[in-house]
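Spelled out, the chains give:
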Amino acid sequence: MLRITWIGHSCFKLEKDGYTIITDPYADGSVPGYTPVHEKADMVLCSHEYADHNFRDGVELIERSGLPFHVEVIETYHDEVCGKKRGPNKIFIIDDGENRVAHFGDLGCELTPEQMEKLQNLDVAMVPVGGYFTIDARQAADLVCSLKPEIVIPMHYRSDKYSFGYDVIGTVDEFTEIMESRAVQNRANGAVLSASGARLAPTGAGSVEARPASMIRKANHGHIMDNVKTLSGSEIEIASMNASGPQVTVLQPRNMAI
């Protein structure tokens, strides 16, 4: 079982068989509304060299063998002009032998057909949706609707409710609204967009199955609406997938300063 925890901003913890990867740790005070990153891990992955993504000093490395993850890197850009404004960006494809997880960093450009081909058959995609420094909500929706990962975890956005994130970037709401509207349109056209067969569970809970838009329910793990889930926690556990995707899963950052 692969466990994914959203620490905050673009920082995630991936855990499998007692081994851990941390992605994009942010420096203390670099992102409003988040408490410092202090973690232990077998590997740290930084998508680019900005303070809100490369605070390696916040992670104590564990030196041992047997890491169950294979990591592939796709070189991209942090902006739409080949890095002239903000430099390069890395997409990491993390494979634990059962699941393929992609962390898109601060992606700011369109991907080439060759890069899109490498990103096929994803189980989980962690995608920036806030815009300004990265692709925006509509670009993110276009990307995930093309790639069709089983689960999409939006990142790098602000929350007015919980007061985290940069004030110049957007909230997650525009992205989820676009994805919900596209699910409705796809159903009207006879296609299936929601991940009705996905085995996805917040830590300590049972399996969660997406429901049609006409069936909205609340459970102890949060709110479920069609192809968008808003969970009350920061963690999910990923089993083997058998779904049509993309299923948007909105987590609560673990390191909110509240």
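Residues numbered from 1 in each chain as written. Predicted model: local features only at pLDDT ≥ 70, side-chain atom pairs only at ≥ 80, totals over all residues. Heavy atoms only, no water.

Draft legend 1. Just the pattern of salt bridges, in detail. Per the counting criterion, the structure on display carries 10 salt bridges. E98 is paired through a salt bridge with K16; the nearest N and O atoms lie 3.3 Å apart. Highlighted residues: E98 in the loop between β8 (88–95) and β9 (100–103) and K16 in strand β2 (residues 11–16), separated in sequence by 82 residues. Using a relative accessible area of 6% as the deciding quantity, one classes K16 as buried. With its nearest N and O atoms 2.6 Å apart, the salt bridge here joins D42 to R64. Taken together, the residues D42 in the loop between β4 (39–41) and β5 (43–45) and R64 in the loop between β6 (59–61) and β7 (70–77) connect sequence positions 22 residues apart. Note on D42: relative accessible area 14%, which makes it buried. (Salt bridge = Lys/Arg side-chain N within 4 Å of Asp/Glu carboxyl O. Helix = DSSP H or I, 4+ residues; strand = E, 2+ residues; numbered from the N terminus. Buried < 20%, exposed > 50% of the residue type's maximum accessible area, 1.4 Å probe, protein only.)

Draft legend 2. The side chain of K13, seen in detail. Relative to the elements of secondary structure, K13 occurs in strand β2. The buried category is assigned to K13, whose relative accessible area is 15%. Here the side chain of K13 touches E39 through a polar contact of 2.9 Å, side chain to side chain. (Polar contact = N/O pair within 3.5 Å; in protein donor to acceptor, adjacent residues only side chain to side chain.)

Draft legend 3. Just the environment of S181, in detail. With respect to the secondary-structure elements, S181 resides in helix α3 (residues 173–188). Under the relative-accessibility criterion, S181 is labelled partly exposed at 40%. Here the alpha-carbon distance between S181 and N227, two residues 46 residues apart in the chain, equals 9.8 Å.

Draft legend 4. Structural context of the side chain of N89. One can find N89 in strand β8. At a separation of 3.1 Å, a polar atom in the side chain of N89 contacts the main-chain carbonyl oxygen of F104. Contacts of N89, omitting those with residues within four sequence positions, involve S47, H48, I74, E75, T76, Y77, H78, F104, G105, D106 and L107. (Contact = heavy atoms within 4.5 Å.)

Draft legend 5. Local environment of the layout of surface pockets. Counted as a void, the largest pocket has a volume near 440 Å³. For the largest pocket, the lining is made up of 22 residues, of which V172, D173, T176, T230 and V250 are closest to its centre. Going through the elements one at a time, α3, β14 (222–225) and β15 (228–231) are the ones with two or more residues in the lining of the largest pocket. It is α3 that provides the largest number of residues to the lining of the largest pocket, a total of 4 residues. Taken as a whole, the second largest pocket spans an internal volume of roughly 230 Å³. By residue number, the principal contributor to the lining of the second largest pocket is helix α2 (residues 137–147), which donates 4 residues. Of the residues that constitute the lining of the second largest pocket, the class distribution is 6 nonpolar, 3 polar and 3 charged. (1 Å grid on protein atoms, 1.4 Å probe; cavity = no way out; pocket = protein on both sides within 12 Å on 5 of 7 lines; lining within 4 Å. Points joined across faces, edges and corners; volume = space filled by probe spheres on them. Nonpolar A, V, L, I, M, F, W, Y, C, P; charged D, E, K, R; others polar.)

Draft legend 6. Summary view of the confidence of the model for the protein. Residue-level pLDDT values for the protein average 84, and 80% of them are 70 or greater. When the criterion is pLDDT under 50, residues 191–225 qualifies, and its contacts beyond four places in sequence or with other chains add up to 85 contacts. (pLDDT = per-residue confidence, 0-100.)

Draft legend 7. Looking closely at the nonpolar core. Among the nonpolar cores identified, the biggest contains 67 residues, and I4, F104, L119 and F175 are the most heavily contacted of them. Residue contributions to this core peak at 7 residues, all from α2. Contacts of L119, omitting those with residues within four sequence positions, involve I74, I91, I93, R100, A102, F104, L111 and L147. (Core = buried A, V, L, I, M, F, W, Y, C linked by side-chain atoms within 4.5 Å.)

Draft legend 8. Region of interest: the packing of aromatic side chains. Per the counting criterion, the structure on display carries 8 aromatic pairs. Their ring planes at 40 degrees and their centres at 5.5 Å tell us that W6 and Y157 sit as a pair that is tilted. Of this pair, W6 sits in strand β1 (residues 2–8) while Y157 sits in the loop between β11 (151–155) and α3, placing them 151 residues apart in sequence. Summarising the aromatic geometry, the rings of F133 and Y166 are spaced 5.7 Å apart at their centres and angled 70 degrees between planes, so their arrangement reads as edge-to-face. (Phe/Tyr/Trp six-rings, centres within 6.5 Å; stacked < 30°, edge-to-face > 60°.)

Draft legend 9. Quick peek at the environment of Y157. For Y157, a relative accessible area of 4% puts it in the buried group. It is 4.4 Å that separates the C-alpha atoms of Y157 and G130, two residues lying 27 residues apart in sequence. Apart from the residues within four sequence positions on either side, Y157 is in contact with W6, V129, G130, F164, G165, I169, G170, T171, V172, V250 and L251.

Draft legend 10. A look at unusual backbone geometry. Positive phi values are uncommon outside glycine, yet D17 reaches one of about 55 degrees. Along the chain, D17 turns up in the loop between β2 and β3 (19–23). Residue D17 is classed as exposed on the basis of its relative accessible area, which comes to 60%.

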